[in-house]
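# Residue-level structural notes
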Amino acid sequence: MTRHTDDDGDAGESNEATESSDGGYERPTPGVPEPGRDEQPSVFVPDEGEVAETDATAGDRAATDGGVESASAGADSTELDPDAYDPVDVFPGGDLDLREGADSCYKCTSCDTSCPVAEVDDEFPGPKFQGPEQWRLKRKDDHDIDESITSCSNCMRCDDACPSGVPLSQMHNEARGQFVERQMEKLSVEYIRNRVLANYRTSASLASMFPRTASFAMNFGPARWAMEKVMGIPKERDFPEFATETFREWWKARGGAQVENPDKRVAYFHGCYSNYNTPEVGKALVSVYEHFGYEVMVPPQKCSGTPMFANGMLKDARRHAETNVENLVEAIADGADVIASCTSCSLSLRQEYPELFDLHGIDDVAEHTFEALEYLRIHEDLEEALDEAGGLDDERAFAYHAPCHARNQGLSRQAVETFRDVDGVKMEDVGDSCSGISGTYGWKEEKYEKSMEIGAEMFEHMEDAEGEVGMTECPTCAMQMEHGTGYEIEHPLQLLEDALGA
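An unreviewed UniProt entry lists the protein under the name Anaerobic glycerol-3-phosphate dehydrogenase subunit C, from Halorubrum ezzemoulense.

## Examining helix α23 (residues 448-464)
The end-to-end C-alpha separation of α23 is 24 Å, in line with the 24 Å expected for 17 residues at 1.5 Å each. Largest kink in α23: about 45 degrees, centred on Gly 455. Along α23, the residues classified as buried are Tyr 448, Ser 451, Met 452, Ile 454, Gly 455, Met 458, Phe 459 and Met 462.

## Section: the nonpolar core
Ranked by size, the top nonpolar core spans 40 residues in total, and within it Tyr 289, Met 427 and Leu 496 carry the most contacts. Among the domains, domain 2 (247-379) and domain 3 (391-500) are the pair contributing at least three residues each to this core. In this structure, Met 427 is in contact with Phe 398, Tyr 400, Val 416, Phe 419, Met 471 and Leu 495, ignoring residues within four places of it in sequence. Ile 145, Phe 269, Phe 309 and Tyr 353 belong to the second largest nonpolar core, which has 35 residues in total.

## Describing the side chain of Thr 440
Along the chain, the position of Thr 440 falls in the loop between β10 (425-429) and α23. For Thr 440, a relative accessible area of 10% puts it in the buried group. Apart from residues lying up to four places away in sequence, Thr 440 is in contact with Leu 197, Pro 307, Ala 310 and Asn 311.

## Overview of the sheet that holds strand β6 (residues 295-297)
Taken in spatial order, the four strands make up an open sheet running β6-β5-β7-β8, and their pairing is parallel. Of all strands in the sheet, those bounded by a partner on one side alone are β6 and β8 (369-371). Each adjacent strand pair in this sheet contributes to an overall mean axis angle of 35 degrees, direction not counted. Where strand β5 (residues 265-269) meets β6, three bridges bridge the pair, whose relative direction is parallel. Its bridge partner being in β6, Val 266 is matched across the sheet by Val 296. Here helix α16 (residues 314-333) sits on the sheet in contact with β5, β6 and β7 (336-340), set at roughly 135 degrees to β7. Most of the contacts of helix α17 (residues 343-356) go to β8, to which it runs at about 160 degrees, and overall it touches β5, β7 and β8.

## Looking at the side chain of Ser 215
Mapped onto the fold, Ser 215 is located in helix α10 (residues 211-218). Look at Ser 215 and you get buried, because its relative accessible area is 13%. At a separation of 2.8 Å, a polar atom in the side chain of Ser 215 contacts the main-chain carbonyl oxygen of Pro 211. Once residues within four sequence positions are removed from consideration, Ser 215 is found in contact with Glu 241 and Phe 242.

## Side note on helix α19 (residues 372-379)
Those residues of α19 that sit buried are Ala 372, Leu 373, Glu 374, Tyr 375 and Leu 376. Near the N-terminus of α19, the side chain that reaches the backbone nitrogen of Leu 373, with its oxygen 2.9 Å away, is that of Glu 371.

## Let's talk about the sheet that holds strand β11 (residues 469-471)
Pairing is parallel in the open sheet, where four strands are placed in the order β10-β9-β11-β12. A single partner strand is all that each edge strand has here, and the edge strands are β10 and β12 (488-490). Here the average twist between neighbouring strands, direction ignored, is 35 degrees. With five bridges joining them, strand β9 (residues 396-400) and β10 adopt parallel strand pairing. Counted as the bridge partner of Arg 396 is Val 425 from β10. Packing against the sheet, helix α24 (residues 475-485) makes contact with β9, β11 and β12, and its axis sits at approximately 160 degrees to β12.

## Some details on the packing of helix α5 (residues 127-137) against helix α7 (residues 168-182)
Contact geometry of α5 with α7 gives a least axis separation of 9 Å together with a crossing angle of 75 degrees. Taken as axis vectors, α5 and α7 run roughly perpendicular relative to one another. On the side of α5, the interface is formed by Pro 127, Gln 130, Gly 131, Pro 132, Gln 134 and Trp 135, while α7 contributes Leu 168, Met 171, His 172, Glu 174 and Ala 175. Here the residues of the contact of α5 with α7 sort into six nonpolar, four polar and one charged.

## Let's talk about the packing of α16 against α17
Axis separation between α16 and α17 bottoms out at 11 Å; the angle between their running directions is 115 degrees. At the point where α16 passes α17, the crossing takes the left-handed sense. Contact residues: Leu 314, His 320, Ala 321, Asn 324, Val 325 and Leu 328 in α16; Leu 349, Tyr 353 and Leu 356 in α17. Here the contact of α16 with α17 is composed, by residue class, of seven nonpolar, two polar and no charged.

## So, the pattern of salt bridges
Once the charged atoms of two side chains with opposite charge are near each other, the side chains can pair. In the structure shown here, the tally under the stated rule is 18 salt bridges. When the shortest N-O distance is used, the salt bridge between Glu 133 and Lys 128 registers 2.7 Å. Owing to a relative accessible area of 24%, Glu 133 belongs among the partly exposed residues under this scheme. Exposure remark for Lys 128: the relative accessible area of 13% places this residue in the buried category. Across the pair Arg 377 and Glu 417 runs a salt bridge, and its minimum N-O distance is 2.8 Å. Here Arg 377 is found in helix α19, whereas its partner Glu 417 is found in helix α22 (residues 414-419), with 40 residues between them in sequence. Judged by its relative accessible area of 34%, Arg 377 falls in the partly exposed class. The exposure class of Glu 417 is partly exposed, given its relative accessible area of 32%.

What counts, and where the lines are drawn
Residues numbered from 1 in each chain as written. Predicted model: local features only at pLDDT ≥ 70, side-chain atom pairs only at ≥ 80, totals over all residues. Heavy atoms only, no water. Helix = DSSP H or I, 4+ residues; strand = E, 2+ residues; numbered from the N terminus. Expected span 1.5 Å × (residues − 1). Bend = angle between axes of the 7 residues up to and from the residue. Buried < 20%, exposed > 50% of the residue type's maximum accessible area, 1.4 Å probe, protein only. Core = buried A, V, L, I, M, F, W, Y, C linked by side-chain atoms within 4.5 Å. Domains from an automatic or database assignment. Contact = heavy atoms within 4.5 Å. Pairing = 2+ DSSP bridges. Axes fitted to C-alpha atoms, helices over the stretch in contact; angles between N-to-C directions. Polar contact = N/O pair within 3.5 Å; in protein donor to acceptor, adjacent residues only side chain to side chain. Parallel < 35°, antiparallel > 145°, perpendicular 65-115°, else oblique. Nonpolar A, V, L, I, M, F, W, Y, C, P; charged D, E, K, R; others polar. Left-handed = near helix turned anticlockwise from the far one by under 90°. Salt bridge = Lys/Arg side-chain N within 4 Å of Asp/Glu carboxyl O.

If you want it as structure tokens, here you go:
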């Protein structure tokens, strides 16, 4: 075995095999290996024509392997010199750039586990795919939106579940709108059916001209069978009856507001259902608010757009939003806050409008919008008022369901907390499950069974509750509750009116 001497004079062992005197080879003796590439001192290699540095100056200049100067000049700071590199825009921004939101997703799948549709539909990929993953895919011009986006019910529970604040429902709304606009066949039965469901205000306004006839005709057996075969609307669903007098007709007949108070004004956004189907909810709201000395305004308005968002009809939703924002901004300028008796309407004005539309005054509308019971809990001492009223004469028990769109606004417990100490009222929360109908989702023949499967847990809890009267703030949840149990359904404002004796 041979020996070698390092440059500094120290003796070391060579790892190379050497020839022995008899012609054989000796195995190398273990020892310290030669310095590898990663252990070699960094050497700055000058560009062609550049004068090489001396050993004295080379030590002050940092380099990376391969002789390329470090962009940070060897400093410990991680801040890079912008002139040292060229940024690459991987996902070009568009009209609605959600790159930051998509990057906030770290794939914890909280949204998927909270999705009621994914729980019953094995083919639905879930909110994570429909949100950040699909958003990244559709940045590419040649990528189509996946058709599964039409199976999203727009319950928006994924927004509430996400720990990172990813704007999932905003991504879903944008993707659904692009799918319907660019990929859905406009003469297909599905598109026509969805367009009719999304524009419920139009059909309801026509039906309200002949409410009794319309209510009978739309629930007539052969007509229901034909609607399922031709339009894909399930025959199992019962159409809600149309009021013989709409809320706006009642409001005009009574002469408008009965209280004038410029210091306490609210603009009531009644929505379509309280106007055409359940005006008793709007009447209860007016009664309660006037009881507390509020001047109630009822500005001109159209649909909030909630069913249009759910069906990807964003152009329709924008047309309605333009009218709503214009009139609500005017009411706000007169000193009013906006209140809604439907939690889907209040969520639409508060969240979906500013997320999807760029309209003058839209942020003011979002900032000044409240759900009706929520507003009273903020500005009035309801507990004291209910104590002074003395409660109900006859004891009544209610099975309360918090709509998904109430949960997204932090209002899931407001009705239970308001009435739990009122004499004569027993209020049971039937759990946090989704009702399953999700607006128009459960009104589609291909989604009906899934909507009932989603709602099964709520039905079971309602039937186990002491009362046989349901309660919720959402009109379509009320439809599903009644459909699945046969119970009568009330709005919290109706109970509040009774408890206050308003």
